[in-house]
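Spelled out, the chains give:
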2 protein chains.
Amino acid sequence: MQSSTRGRSAGRPRSAAADTAILAATRAALVELGWSKLTLGDVAARAGVAKTTLYRRWPGKNELVVDAVAELFDELRLPDRGSLAADVEGVVSQFAAILARPEARSGLMAVVAESTRDEALRERIRSSIVERQKRLVVEGKSRARARGELPPQTDPAEEGRTADLVFDVVAGAVVHRTLVSAEPADDTWIRGFTRLLLGGLREA
Amino acid sequence: MQSSTRGRSAGRPRSAAADTAILAATRAALVELGWSKLTLGDVAARAGVAKTTLYRRWPGKNELVVDAVAELFDELRLPDRGSLAADVEGVVSQFAAILARPEARSGLMAVVAESTRDEALRERIRSSIVERQKRLVVEGKSRARARGELPPQTDPAEEGRTADLVFDVVAGAVVHRTLVSAEPADDTWIRGFTRLLLGGLREA
DNA sequence: GCGCTTTCGCTACGGGTCGTAGCGTAATGG
DNA sequence: CCATTACGCTACGACCCGTAGCGAAAGCGC
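Residues numbered from 1 in each chain as written. Chains lettered and ligands numbered in written order. Predicted model: local features only at pLDDT ≥ 70, side-chain atom pairs only at ≥ 80, totals over all residues. Heavy atoms only, no water.

A. Molecular detail of the packing of helix 7 (residues 119-147) of chain A against helix 8 (residues 156-180) of chain A. Residue and element names in this part refer to chain A. Across the interface, helix 7 lies against helix 8 with an axial gap of 9 Å and an inter-helix angle of 115°. Crossing of helix 7 over helix 8 shows right-handed handedness. Residues Val-130, Gln-133, Lys-134, Val-137, Val-138, Lys-141 and Arg-145 of helix 7 form the contact with helix 8, whose own contacting residues are Glu-159, Thr-162, Ala-163, Asp-164, Val-166, Phe-167 and Ala-171. Residues of the contact of helix 7 with helix 8, tallied by class, amount to seven nonpolar, two polar and five charged. (Axes fitted to C-alpha atoms, helices over the stretch in contact; angles between N-to-C directions. Helix = DSSP H or I, 4+ residues; strand = E, 2+ residues; numbered from the N terminus. Left-handed = near helix turned anticlockwise from the far one by under 90°. Contact = heavy atoms within 4.5 Å. Nonpolar A, V, L, I, M, F, W, Y, C, P; charged D, E, K, R; others polar.)

B. Summary view of the domain arrangement of chain A. Residue and element names in this part refer to chain A. The domains assigned to chain A are domain 1 (16-57) and domain 2 (70-203). Placing the centre of domain 1 and that of domain 2 at their C-alpha centroids yields a distance of 29 Å. Of the roughly 650 Å² buried between domain 1 and domain 2 on both sides combined, carbon and sulfur atoms contribute 74%. In terms of surface lost to domain 2, no three residues of domain 1 exceed Arg-27, Leu-30 and Trp-35, which account for 71% of the buried area on that side. Across the salt bridge formed by Arg-27 and Glu-71, the nearest N and O atoms sit 2.8 Å from each other. (Domains from an automatic or database assignment. Buried area = accessible area lost by both parts, 1.4 Å probe. Salt bridge = Lys/Arg side-chain N within 4 Å of Asp/Glu carboxyl O.)

C. Structural detail: the UniProt feature "DNA-binding region" (unreviewed entry) in chain A. UniProt records the feature "DNA-binding region" (unreviewed entry) at residues 39-58 of chain A, using the numbering of this structure. A helix fraction of 75% and a strand fraction of 0% characterise residues 39-58 of chain A, whose end C-alpha atoms lie 13 Å from each other. (UniProt positions renumbered as here; feature names shortened; annotations may be inferred.)

D. Spotlight on the interface of chain B and chain A. At the interface, 49 residues of chain B touch 49 residues of chain A. For the pair chain B and chain A, the summed buried area comes to about 4300 Å², and 62% of that belongs to carbon and sulfur atoms. Viewed at the interface, chain A and chain B are joined by zero salt bridges. Elements represented by at least two residues in the side of chain B that touches chain A include exactly helix 1 (16-33), helix 6 (102-115), helix 7 (119-147), helix 8 (156-180) and helix 9 (187-199) of chain B. Of the residues contributing to the side of chain B that touches chain A, the split by class is 28 nonpolar, twelve polar and nine charged.

E. Spotlight on helix 7 of chain B. Residues and elements named next belong to chain B. In this model helix 7 runs 40 Å from its N-terminal to its C-terminal C-alpha over 29 residues, within 8% of the 42 Å that 1.5 Å per residue would give. At Arg-126, helix 7 shows its maximal bend, which comes to roughly 45°. The N-capping residue of helix 7, defined by a side-chain oxygen 3.1 Å from the backbone nitrogen of Ala-120, is Asp-118. Residue Gly-148 follows helix 7 closely and has a positive phi angle near 85°. (Expected span 1.5 Å × (residues − 1). Bend = angle between axes of the 7 residues up to and from the residue. Polar contact = N/O pair within 3.5 Å; in protein donor to acceptor, adjacent residues only side chain to side chain.)

F. Fine view of the relation of the copies chain B and chain A. Of the transformation placing chain B onto chain A, the axial shift is 0.0 Å and the rotation is 180°, giving an RMSD of 0.1 Å. In the structure described here, the two chain copies are related by an operation that fits a two-fold rotation axis. Mapped onto chain A, 100% of the interface residues of chain B are again interface residues, and the two copies thus contact each other with one and the same surface. (Least-squares fit on C-alpha atoms with pLDDT ≥ 70 in both.)

Here it is, written out as structure tokens:
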């Protein structure tokens, strides 16, 4: 008999504080234990909530970690530094700083790996993490085009393809440098990468 | 084969057939179950060996999957196609084909994620997977230099840095395209990527 | 052949995590 | 005051882990 209107009115409301506590506890557990040794029971204990509360809000470990890591990317911005090269260096630097944090290193690749067999999880990652990054690429390109640093683009389909391409190159390079090669994406590296991205291999 | 003389001689030798059976079973399990649901008991059953045999040869799931996936990269070659662009397209195409296989998709990122907290595992990945790929980059660059497509490089330290950089860009882009963006690195994409890599953003 | 050594298959076990069910209590809105 | 929903807590079967112990098998040196 739900008096309808919206299902969201009757009963005790969910504690918003619990949400933030759980996500913070998840990140703390990622730092201390890493992905594989992280257990939901441990996260619940750290957050001061019951394990059942956790399961009422997230389907499982994968989705929880995606949400916990996604918050790390909230700080990503694209400040206008005056030139395309400076803009690229700026955003890559921010991205590298996030990936240098242990909670991101441990969690991000693990959920991406899981997402290869879980369509819903992949969509969750895409909407809460990837899409936000990709928007920076689109904005940066249009800004450079307004400055005259890049030729105007007529075909919108072609424009979308190159934006995707550039995004995969930038994000992929930083991730690979940080997690696979396991060496820091410091200023020297970032300058070299920006030069390669803008001028190509023949000028590097 | 393998005529004696070296340290190991006494006792029953380890079955080489068991090794190949176990690694093949591991890949099959990766395809069917993915990383998270893969259990060593299941792999042992598929391979027709006892679980204890498996633990005698590999420390755990991580190392086993690294070795199983590493074999997929044995086929990686750098055929001489006459130009730098064609060489790049060729090797990227091979790399993309490997990453398109489900056993690579499921396993590779998972072990990389684990390696962020396990130095020995990272070294195992580096020596058995990454180093082999990186050599292709070095060889391709020197070949292009011999053709006159790239300027000669004087400083060997600088040369090493750019080789590392190019490697991270190439491998990272393909991995990101395949696993994060979850779209195929087909011929169209490969051509666009090669053009971006060689000519830079201003020519793309 | 004969032992010595190492590996193999098998069984069994304690320890840990999972995800859920059940229950009584707490916090809202009508 | 009552209906409704969230919460904390406990308990549970199921599963996987990694190891120990056993007898049997398979090479090697003699």
